[in-house]
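# Structure assessment
In case you want the letters, here they are:
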Amino acid sequence: MSEPKPPTPTPGDTYKGWLFKWTNYIKGYQRRWFVLSNGLLSYYRTQAEMGHTCRGTINLATANIAVEDSCNFVISNGGAQTYHLKASSEVERQRWITALELAKAKAVHMQAESDDSGDDCPAVPPTAGQGGSCRNSEVQSTLRTLSSKVEDLTTCNDLIVKHGSALQRSLSELEGIRVGGDMGEKIRQVTERATLFRITSNAMINACRDFLSLAQNHSKRWQKALQTERDQRIRLEETLEQLAKQHNHLERAFRGATVLPPSFSNPALGNKGGVSGKCDASDEDDDNEFFDAMEDPAEFITVPADPKYHRRSGSNVSGFSSETGIDDQSVNFDELSLASNPESPQPLELEPVRQRRTRIPDKPNYYLNLWSIMKNCIGKELSKIPMPVNFNEPLSMLQRLSEDLEYYELLDKAAKCQSSLEQMCYVAAFTVSSYSTTVHRTGKPFNPLLGETFELDRLRECGYRSLCEQVSHHPPAAAHHALSEKGWSLRQEITLASKFRGKYLSIMPLGSIQCIFDKSNNHYSWKKVTTTVHNIIVGKLWIDQSGEIDVVNHRTGDRCHLKFAPYSYFSRDVPRKVTGVVTDKDGKAHYVLSGTWDEKMEFSRVMQSSKGENGTEGKQRTVYQTLKAKEIWRKNPLPEGAENMYFFSSLALTLNEAEEGVAPTDSRRRPDQRLMEDGRWDEANAEKQRLEEKQRTARREREREAVKAVSSPEEADAQETGTEASEVSDETDTEDSTPHTPVASPYGPSLFPYLMEGKEGPYGAPVKSTHPDNYQALWFEKIDDPASGETLHVYKGGYWEAKDQGSWDMCPDIF
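Description of the structure in this document. (Residues numbered from 1 in each chain as written. Predicted model: local features only at pLDDT ≥ 70, side-chain atom pairs only at ≥ 80, totals over all residues. Heavy atoms only, no water.)

The next subject is the overall build of the protein. A tally of regular secondary structure across the protein gives 16 helices and 27 strands. Scored against the burial criterion, the 815 residues of the protein give a buried share of 46%. Within the protein, contacts between residues at least 6 apart in sequence are counted, and of these 60% link residues at least 24 apart. Surface accessibility of the protein: about 42700 Å² in total, with carbon and sulfur atoms responsible for 52%. (Helix = DSSP H or I, 4+ residues; strand = E, 2+ residues; numbered from the N terminus. Buried < 20%, exposed > 50% of the residue type's maximum accessible area, 1.4 Å probe, protein only. Contact = heavy atoms within 4.5 Å. Areas by Shrake-Rupley, 256 points an atom, 1.4 Å probe, with all protein chains shown as cover.)

In C-alpha cells, the structure reads:
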C-alpha cells in the first residue's frame, strides 16, 4: 500500500505499470514493464526499452482473461501466446483486470464494426460536391465515437454491478462476524472492494460525462446534415423525373423518324457534324488514333516510319483509301448507309438476355494410380484399355471447337472493313485468339460419339449461332458451322493426328478452317498449328503451340503469314511469341502483326520496307518502317476460382450448362460427361464404358449391313464371318483408343490422355478402318470446295428448323 498508485484506468487511456511475468522454471517470475494501449498489451524489460525493443505483444480482442488467486492472473489468446502474470497486491491486480476488461471490450467492438461496416465513407462522384463527402465522413466518425462510449458505459455498468455485489456481500459478512482475529482480514477485504467499486464508478462517471458532452456538441450538426441530405434527395428526385420525361420524348421521336436528317445525306456534313452510324464512331476514332500515332517505334522487326508519311486519315477502314481507289467521303457515306440499313438489328427490339452460369462444381482432388491401368496391359493390347475420365475435362471436343468463337467480335469488326488488307489483320488475330484458352488446359476433352452434336446459340446475346457434329469415327472427325447476323460465316472440319516422341507429344490438327464474309465475298482459309504437350513422362504438363499459318484470301490473293515461335529456355524473346506479315497478291507488305498467343496481338501499318543487314543465318532481314502499333486483340481474364474449375474461361463455363430444346444428341445430354462435371467420377467411368460398348455395337451393325449390300449372299456370309472374327481386335478402336506404346509415368499424367485420336500410319496419318462403314452425317454433307480445292463437310441445313418445330425424330439414339 506504500507504493504510489498508478492512474485510474479510463476508457481510451494508456495504462502502464510493473507486473511480474512467469518466464521459466529456472528464473521463475521476472519483473517487467507492461503497457496497455489501443487493445494491445505489450511488455518490456525496462521503461527505457519502450522506444526500441518490445519483448512481446498480445491482442486483447481475441484474448481470454482469467484470475487464478488474489494476485495472479492469466492472459491467453488460444494457445499461441499465454502470459502468466502476478501483481504486487490484490488491489493492483484488480486495477489491471479492470483496465484489461475495458480495453478488451473496446477492441472487440471496434473489430466487429470494422468487419460489418466495410468502407465507412462511400465514394461519391467528384461533381457531387465534396462537402457532402466530408459531412458524411464526419458523421460516421462521430457515430463511431458515440458507439464506443456507449460500449464503455455498458462495460462499466457490468463492472459496477459485479463489484457492488461483492461489496454488499462483504458488508453482510462483516455484520455477522464476532470481534476477534479474523476481523482485520474482513475489514481489509471490505476496504479493497470499496476501492474497486470507487474506481469503476469513476470510470462510469467519466464515460457518461464524455457521452453527454459529445451528444450535446453534435446534435445540432446532425440536424443540419440531415436536413441537407433531405434537400439533396428531393432535388435528385426532381432531376430524375425530368430526365425520364426527356428520355421518353427522345425515344418517341426516334421511333417516329423514318428517314435520316438532311445533313446525314451529305458525307461532308456528316464528317463535320461528327455523327456516324451506331457503334462506328468509336471504331473510327480508334483507327484514326492508330494512323496518326508515330511517336514511338514499334516493338517488332520494324523502325518508325518517315515523317513524310504522317497524315490524318478520315476513314475507319484501313488508311489505304488513296491506294485502293476509295476516298474518305465515300467510306463515311457507306458507314452512314450501313447504320441506317433497316435490316440491321435494332437494340430497341432486343429481348431480355438469359443469365448464364458463372461457376461449375470444383474439380475433385482424385488420385489416379497409373499402375492400376498399366497392370491390365500385361498380355493385352493397350488399345483395349479404356481411359478413365480422370484425365478429362467435362467438355467434349465439339464444345472445345465452339470455344474458337470466344472472340467473335474480331470477325464482327472484320465484316465492317472496306479494305481486304485490314480485314485480313482481324481474321489473323481471330486465328491466334483461338489458342488463348489452351495455355492452362492440360485435361483432354471427351471424344464425341459418332453422331454427337453440339449447338451454341448466342443469337440474342452476340448475334451468332453455331453447330458441331461428329461426322466420322475412322478417323475421328468433327465438322463445325457458325453463322452470324453481322455478315460472316465460319466452317471447319478437324481431324487430329498424334506422334509420341519420348518426352513430349505432338498433336497435328488436319483439315482447314474457312471464313466467308457476305458483303465482300472474301473467302479466307487457314490451318491450325501443332500443339505440343511437354513432360509426358516426368514432371508437370505444359502446352506449347508452334508452327506456321498461312491465312489466304482466295478472292483477292492477299495473304498473312503467321509464325508461332516454339518455347525455348535459352531464347531472349517473349514466350509464346507470334509474328506475322500481311501482304497483297504481289507480295507487297502492308501490315505487320506481333504479340503472344496467350495474351494479346498488335498490328502496325507498313509505310516502307527495305532489305537490312544479314542475320545470324546469313539471310537478309527485311526492315519495315511502320506507324505506331495498335492493339487488336487481348485475352479476357479468367473467372475467379478458375484454377479449381479446370481453368475454364467464362464462355467455357456456360458450354455444358443444361438447356431446353437442344437435340437429343447434344453433348449437354451426354451422361458420363454430366456425371464427371458433378464430381461423380466413379459413376462417370462406368457410364463411359457403357456408351463405348453401345457405339461398338452400332458400328458392327452398320458394317454387317454394308457387307450385305455390296456382296452376294454366299460372299456376305463369308465376309460377315471374317468381320466377326476381327471384331475382337478392332472393337476397342473406340473413342479413347491409343497407339500401342506402353509408356506411363508414376510422377504425373501419362501420355494416354493425348494419344486417343485413333491409330497412326506413316508420318502421323490416321489409319482408316478396313471395314466398310456406310454412316452418313445427319446435318452435314461432304463437298469439294471450289475456292480452296479441299473436300470437307459443310452444313446442309435443317437443324434450326427442327429445333423450332421441336421435332427430333431423325436423330439417332447414341446416349
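Right, picking up where we left off after that structure.
Let us look at a nonpolar patch on the surface. On the surface, a nonpolar cluster with roughly 470 Å² of combined accessible area is contributed by Tyr567, Tyr569 and Phe570. Residue position: tyrosine 569 is located in the loop between β20 (559–564) and β21 (577–583). (Patch = residues over 30% accessible without salt bridge, like charges linked within 9 Å, V, L, I, M, F, W, Y side chains within 5 Å. Salt bridge = Lys/Arg side-chain N within 4 Å of Asp/Glu carboxyl O.)

What follows is about helix α11 (residues 420–433). Across its 14 residues, α11 extends 20 Å between first and last C-alpha, which sits within 8% of the 20 Å expected from 1.5 Å per residue. Where burial is concerned, most of α11 is hidden: 14 out of the 14 residues are buried. The N-cap of α11, judged by a side-chain oxygen 3.3 Å from the amide nitrogen of leucine 421 a few residues on, is serine 419. (Expected span 1.5 Å × (residues − 1). Polar contact = N/O pair within 3.5 Å; in protein donor to acceptor, adjacent residues only side chain to side chain.)

Turning our attention to the packing of helix α10 (residues 409–416) against α11. Across the interface, α10 lies against α11 with an axial gap of 8 Å and an inter-helix angle of 170°. Viewed along their axes, α10 and α11 adopt a mutual orientation that is roughly antiparallel. Residues Leu410, Leu411, Lys413, Ala414 and Ala415 of α10 form the contact with α11, whose participating residues are Gln423, Tyr426, Ala429, Phe430 and Ser433. Among the residues forming the contact of α10 with α11, the class breakdown is seven nonpolar, two polar and one charged. (Axes fitted to C-alpha atoms, helices over the stretch in contact; angles between N-to-C directions. Parallel < 35°, antiparallel > 145°, perpendicular 65-115°, else oblique. Nonpolar A, V, L, I, M, F, W, Y, C, P; charged D, E, K, R; others polar.)

Let us now look at the environment of aspartate 785. Relative to the elements of secondary structure, aspartate 785 occurs in the loop between β26 (780–784) and β27 (791–795). Once residues lying within four places of it in the same chain are set aside, the contact partners of aspartate 785 are Arg491, Gln514, His523, Glu790 and Leu792. Within the local environment of aspartate 785, its side chain forms a polar contact with the side chain of glutamine 514, the two groups lying 3.2 Å apart.

Below, the discussion takes up the sheet that holds strand β4 (residues 56–59). Taken in spatial order, the seven strands make up an open sheet running β4-β3-β2-β1-β7-β6-β5, and their pairing is antiparallel. Looking at which strands have only one partner, the edges of the open sheet turn out to be β4 and β5 (64–67). Pairs of neighbouring strands in the sheet enclose a mean axial angle of 35°, with direction left out of account. Note: strand β6 (residues 72–76) against strand β7 (residues 82–86), five bridges, orientation antiparallel. Within the sheet, the bridge partner assigned to phenylalanine 73 lies in β7 and is leucine 85. (Pairing = 2+ DSSP bridges.)

Summed over all chains, the structure comprises 37 salt bridges. With a closest N to O distance of 3.6 Å, lysine 600 and glutamate 602 form a salt bridge. Lysine 600 gets classed as partly exposed once you look at its relative accessible area, which sits at 24%. In this structure, the salt-bridge partner of arginine 696 is glutamate 692, at a minimum N-O distance of 3.8 Å. Separated by four residues within a single helix, arginine 696 and glutamate 692 lie in helix α14 (residues 681–710), roughly one turn from each other.

Our next topic: the nonpolar core. Formed by 74 residues in total, the largest nonpolar core has its most connected members in Trp488, Leu490, Phe517, Trp526, Val551, Leu562 and Phe564. A total of nine residues in this core trace back to one element, the largest contributor, which is α11. Setting aside residues no more than four positions away along its own chain, leucine 490 makes contact with Leu405, Phe430, His480, His481, Ala482, Ile513, Gln514, Cys515 and Trp526. Membership of the second largest hydrophobic core comes to 20 residues, among which are Tyr15, Tyr43, Ile97 and Ala103. (Core = buried A, V, L, I, M, F, W, Y, C linked by side-chain atoms within 4.5 Å.)

Remark: the centre distance and the inter-plane angle together describe each pair of aromatic rings, the angle taken between the planes. Taken as a whole and judged by the stated rule, the model has 20 aromatic pairs. Between tyrosine 407 and tryptophan 633, the ring centres sit 5.5 Å apart and the planes meet at 90°, which makes this aromatic pair edge-to-face. On the criterion of sequence distance, the pair formed by tyrosine 407 in the loop between α9 (397–402) and α10 and tryptophan 633 in strand β25 (residues 630–634) is long-range, its members being 226 residues apart. Joined through ring pairs, the aromatic side chains of Trp779, Tyr799, Trp800 and Trp808 make up one cluster. (Phe/Tyr/Trp six-rings, centres within 6.5 Å; stacked < 30°, edge-to-face > 60°.)

With respect to the helices and strands, the residue glutamate 493 is situated in strand β14 (residues 488–500). Although buried, glutamate 493 forms no salt bridge, and the nearest oppositely charged side chain, lysine 782, lies 5.8 Å from it. A distance of 2.6 Å separates the side chain of glutamate 493 from the backbone nitrogen of histidine 793, its partner in a polar contact. (Lys, Arg positive; Asp, Glu negative; His and termini not counted.)

With that settled, the discussion passes to α10. For α10, the complete set of buried residues consists of Leu410, Leu411, Asp412, Ala414 and Ala415. Buried positions along α10 lie against α11, β13 (476–484), β14, β16 (513–517) and β25.

Moving on, we get to the pairing of β26. The pairing of β26 with β27 spans five bridges and is antiparallel. The residue of β27 that forms the bridge with phenylalanine 780 is tyrosine 795. Between β26 and β27, which pair antiparallel in sequence order, lie six residues; one of them, glycine 789, sits at a positive phi of approximately 75°.

Before going further, it helps to spend a moment on the environment of lysine 611. Along the polypeptide, lysine 611 turns up in strand β23 (residues 600–614). When the C-alpha atoms of lysine 611 and tyrosine 624 are compared, they prove to be 8.8 Å apart, with 13 residues separating the residues in sequence.

All right, on to the pairing of β4 then. The alternating pattern of β4 places Gly56 and Ile58 on a buried face, while none of Thr57 and Asn59, on the opposite face, is buried. In the sheet, strand β3 (residues 40–44) pairs with β4 via four bridges, with the strands oriented antiparallel. Paired with leucine 41 across the strands is isoleucine 58, a residue of β4.

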